[in-house]
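The chain contents come next:
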Amino acid sequence: MTLALTHTWAEVIIDELTRLGVQHICIAPGSRSTPLTLAAVKQSQHPRRGVTLHSHFDERGLGYLALGLAKAHACPVAVVVTSGTAVANLLPAVAESRLTGEPLVILSADRPFELVDCGANQAIEQPRLFSSHVTQTLSLPAPETAMPLSALLSKIDHLMAQQAQHGGSVHINCPFREPFYGERDRTTEQSLRAGLGQWLTDDKPYVSMMPTRTQWQMPASWQHLASQSSKVVLIAGALPANVGAQVARLASVLDAVVLADPQSGVKSTAPGHDLWLNAPSVRALLDEAEWVIQLGGRLVSKRLGQWLANIEVPYWLITDREQALDPAHRSSEYIRFMPQQWEEGLDALSDALTQLQRPVSGWAQAVTTAAQIQQQHAYAKVEDSLSEHRLFQSMTKWLPSECDVFLGNSLTIRLADIWSELSDYRVYANRGASGIDGLLASAAGVQRVNQHPMLVVLGDTSALYDLNSLALWRHAPAPAVILILNNDGGGIFDMLPVEPSLRDAYYRMPHGLGFEPAATMFGLPYHQPKDVVSLSETLRGALQSPGAEVIEVNTPAGEAGSVLNRLLAEVAHG
């Protein structure tokens, strides 16, 4: 009975998750998780609700692979791991999803009650392991006949309804008693399912949750403000992929200065704001703003965040997240769209603003012109030799039209923010906790969903941190380039005013390593171009060739930071 009951529970859990939108399941090796793994394999063969299975030997990388899948797929992705520290390795990806909303379903196998906290092997306290980083936790008992399968299904449905409402990860902890292997009694399994009735033959969840439907309307307070304000700044943070046209229309109606984050998919009217905001004359002009509207959050630019914190004008924040997204804790009007309401809400806002008699000024064009002059002067001061700055200035010239971009954190995404016009590409990043862990794995997950050519750009420390995840790129579904910027350590720390010897020893941490042996170990073609022309040719060719290739660009330690500091100083002094 135990064998039949255990596998029936696991199969019911996996089956119900597919009815609730799960189409991808990520699996790490383990024995205690065998019931869930076999249930996932069985579900992958279902004629109507089959799932795609992904595997990885590294649970930390597996969690980030799932994060990337959910980032691109916008549907819940399940992760199956065995008991013990395997579960703990998912915490970084779970913490990221808490901040950025990707829906992960963590299915952790566990020892039963009698084997926890008694010296049994591979047993830790798992039910509260993720603390506040998960939206909700469901701690199941070990399978028992006293708990009907209908109760199991109902619990899962209510858990997933919470995730649908709030996003982020949910954790289902699944204790199982041995045995897991052997001849299963199919008659017993059928009798256990007998009470589920119609659920056995249809594709609907056991409990159907009707979503709350709220039609978005423009706040009345905006009409007066909009009719009085001619100097508007529209800031675009992390946004869904499909709202670029609506944002452009809103900017046009408002005659707004648009400052767009690399994650937004929106084009800035005055690009490079992280640089030109250091220019007193341009900043003073921008300070004349009368109204700031921010769409989405998690902005890359530190200087833009500082400007926002100090400007004393009405500030409206529109987001699809429940979490606060204003580090400066400003007095604001906080408007929440549901995720599916972005297009409708932005169109409704543009329609309402179009009906108003708004004042007209040439202020937006004046800001744009002044910013462009500063940016052009700074652009010309970057040398033509191969450097991180020149790479990001030229990068988009080398990309095919149908190409996704995944940007690493630290210095990488900051240089992209200054130099790269990425509005024609879908840009992905892990900008919740902004960690350097799991970047290669997250990018692999995105490409497995989108099936597009992809450029992944990250620093050497980030690549070292996620080196195991190069294994996920051995069978890339489309051309991919993993572009590693190797400046021998954490280049972002060159910006710190720390005594140089301490900076190297405790911040930058130079490693003296190259990535050719790693590429060889994982069977990936490797290139190390020495100049801009050869980098351009190599990158173009790799993005037209099947599979993933590694390109390593070596630059002198400290160069990128010193150049950026010099440019900021020159901009500041005119």
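Rules used throughout
- Residues numbered from 1 in each chain as written.
- Predicted model: local features only at pLDDT ≥ 70, side-chain atom pairs only at ≥ 80, totals over all residues.
- Heavy atoms only, no water.
- Axes fitted to C-alpha atoms, helices over the stretch in contact; angles between N-to-C directions.
- Helix = DSSP H or I, 4+ residues; strand = E, 2+ residues; numbered from the N terminus.
- Parallel < 35°, antiparallel > 145°, perpendicular 65-115°, else oblique.
- Left-handed = near helix turned anticlockwise from the far one by under 90°.
- Contact = heavy atoms within 4.5 Å.
- Nonpolar A, V, L, I, M, F, W, Y, C, P; charged D, E, K, R; others polar.
- Pairing = 2+ DSSP bridges.
- Buried < 20%, exposed > 50% of the residue type's maximum accessible area, 1.4 Å probe, protein only.
- Arc of directions from axis to C-beta.
- Phe/Tyr/Trp six-rings, centres within 6.5 Å; stacked < 30°, edge-to-face > 60°.
- Lys NZ or Arg CZ within 6 Å of the ring centre and 35° of its normal.

### Here we look at the packing of helix α9 (residues 244-254) against helix α13 (residues 342-354)
Link 1 in the chain: For the pair α9 and α13, the least separation of the axes is 9 Å and the interaxial angle reads 20°. With respect to α13, the axis of α9 lies roughly parallel. In the packing of α9 onto α13, the handedness of the crossing is left-handed. Contacts between α9 and α13 involve Q246, V247, R249, L250, V253 and L254 from the first element and E343, L346, D347, L349, S350, D351, L353 and T354 from the second.
Link 2 in the chain: Each residue belonging to the contact of α9 with α13 can be placed in one class, and the counts come to seven nonpolar, three polar and four charged.

### Let's talk about the sheet that holds strand β2 (residues 52-55)
Link 1 in the chain: A sheet is described by the order of its strands in space; here six strands give the open sequence β2-β1-β3-β4-β6-β5, paired in parallel fashion. Either end of the sheet is taken by a strand with one partner, and the two such strands are β2 and β5 (134-139). Taken over all neighbouring pairs, the strand axes of this sheet differ in orientation by 20° on average, direction set aside.
Link 2 in the chain: Pairing geometry for strand β1 (residues 24-27) and strand β3 (residues 77-81), over four bridges, is parallel. Across the sheet, the residue bridging to I27 is V80, located in β3.
Link 3 in the chain: Along the sheet, helix α3 (residues 59-73) contacts β1, β2, β3 and β4 (104-110); its crossing angle with β3, the most-contacted strand, is approximately 170°.

### A look at α9
Link 1 in the chain: Every buried residue of α9 is accounted for by Q246, V247, L250, A251 and L254. All buried residues of α9 project into a common sector of 135° when viewed along the axis, lining one side. Opposite its buried face, α9 presents the exposed residues A245 and S252, each directed more than 90 degrees away.
Link 2 in the chain: At its buried positions, α9 is contacted by β7 (232-236), β8 (257-260), β9 (291-295) and α13.
Link 3 in the chain: D255 sits one or two residues past α9 and shows a positive phi near 50°.

### With respect to the packing of aromatic side chains
Link 1 in the chain: Applying the stated rule across the entire model yields four aromatic pairs.
Link 2 in the chain: Between F337 and W342, the ring centres sit 5.0 Å apart and the planes meet at 90°, which makes this aromatic pair edge-to-face.
Link 3 in the chain: Using a relative accessible area of 0% as the deciding quantity, one classes F337 as buried.
Link 4 in the chain: Centroid distance Y379 to W419: 5.9 Å. Interplanar angle 85°. Geometry classified as edge-to-face. Taken together, the residues span a long stretch of sequence, with Y379 in helix α14 (residues 363-380) and W419 in helix α16 (residues 411-419) at a distance of 40 residues.
Link 5 in the chain: Judged by its relative accessible area of 29%, Y379 falls in the partly exposed class.
Link 6 in the chain: Sitting above the plane of the W199 ring, R19 keeps its charged end 3.9 Å from the centroid.
Link 7 in the chain: If you follow R426 out to its NZ or CZ, it ends over the ring of Y428, 5.0 Å from the centre.

### A look at the packing of helix α1 (residues 2-19) against helix α2 (residues 34-44)
Link 1 in the chain: At a closest axis distance of 8 Å, the pairing of α1 and α2 adopts a crossing angle of 50°. Judged by the inter-axis angle, α1 sits oblique to α2. Where α1 crosses over α2, the two elements pack in a sense that is right-handed. On the side of α1, the interface is formed by T6, H7, A10, E11, I14, D15 and T18, while α2 contributes P35, L36, L38, A39, A40, K42 and Q43.

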